[in-house]
Each structure stands twice: as structure tokens, then as C-alpha cells.
Amino acid sequence: MSKIQERIDKFWLGLGLGAIIPPIALFGVYKWFNKTNSFSEFVAKLSVWGIQTEVFLWCILPIAFVFALFYFLHYDNAAKGVVFPTMIYTIILLILDL
């Protein structure tokens, strides 16, 4: 294993990336589709329109690409770190959808 692999293949790196990517994606969606509302107003409108869960689900999707990248590069520890926040976000989405 090379030095670069040793530095990247860390559980904590995967955990951090898995935790921060969905909020960044949600902020990107907010900036892309919204011009005048505050963030809380934007989320409230998503709820009123009935698409809040779907938008949040699409914001979790980039984690799959990070996981796939770590998996194909054989960064197993980092891939394991990505799985935990993905499960947490998925459970939160299930609770929101009830």
C-alpha cells in the first residue's frame, strides 16, 4: 500500500465525507433552484409541495458515488466510513416520510 493510499484509506475520512456531502448537495439544490427565499423558507416550500423527502433523497445520492470510488480503489476503511452516515441519513428520511 502506497503512502497516498494509507493517508486516504481512513475510516474517519469516509465518515466525514459521508456526513458532509449531503448537506453540501442540499445547499447546491437550494442555490440552483431558489433565487429569493431563505433556506428555511425553501425547505418549508418543499414540504408544502410534497417533495421534501424526494429532494433529500437525491441529496444523499452523491454518497453512492463516493462509496463506489472508494470501493473500486480498494480503500476499504474509507468505504466503511461512508456507510455509517448513509444509514443515518436514510433512517432520518424514513422517519420524515412517516
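Residues numbered from 1 in each chain as written. Predicted model: local features only at pLDDT ≥ 70, side-chain atom pairs only at ≥ 80, totals over all residues. Heavy atoms only, no water.

As a further point, take helix H5 (residues 76–97). Relative to the 32 Å expected for 22 residues at 1.5 Å per residue, H5 spans 32 Å between its end C-alpha atoms, a close match to the ideal helical length. If you check which residues of H5 are buried, you get Ala 78, Ala 79, Gly 81, Val 82, Pro 85 and Leu 93. Taken around the axis of H5, the buried residues stretch over an arc of 155°, which confines them to a single face. For H5, the exposed residues lying more than 90 degrees away from the buried face are Lys 80, Leu 94 and Ile 95. Each element contacted by the buried residues of H5 is listed here: helix H1 (3–8), helix H2 (11–33) and helix H4 (52–72). (Helix = DSSP H or I, 4+ residues; strand = E, 2+ residues; numbered from the N terminus. Expected span 1.5 Å × (residues − 1). Buried < 20%, exposed > 50% of the residue type's maximum accessible area, 1.4 Å probe, protein only. Arc of directions from axis to C-beta. Contact = heavy atoms within 4.5 Å.)

Moving on, we come to the environment of Ile 20. Mapped onto the elements, Ile 20 comes out in helix H2. By relative accessible area, Ile 20 is classed as partly exposed at 46%.

Close contact between H2 and H5 brings their axes to 6 Å; oriented N to C, the two are set at 35°. Taken as a pair, H2 and H5 cross one another with a handedness that is right-handed. Together, Phe 11, Gly 14, Leu 15, Gly 18, Ala 19, Pro 22 and Pro 23 of H2 and Asn 77, Ala 78, Lys 80, Gly 81, Val 82, Phe 84, Pro 85 and Tyr 89 of H5 make up the contact between the two elements. A breakdown of the residues in the contact of H2 with H5 according to their chemical character gives 10 nonpolar, four polar and one charged. (Axes fitted to C-alpha atoms, helices over the stretch in contact; angles between N-to-C directions. Left-handed = near helix turned anticlockwise from the far one by under 90°. Nonpolar A, V, L, I, M, F, W, Y, C, P; charged D, E, K, R; others polar.)

Moving on, we come to the environment of Phe 42. Locating Phe 42 in the fold gives a position in helix H3 (residues 39–49). Residue class for Phe 42 comes out buried when judged on its relative accessible area of 6%. In this structure the C-alpha to C-alpha distance between Phe 42 and Cys 59, which are 17 residues apart in sequence, comes to 15 Å. The contact partners of Phe 42, leaving out residues within four places of it in the chain, are Val 29, Tyr 30, Phe 33, Asn 34 and Asn 37.

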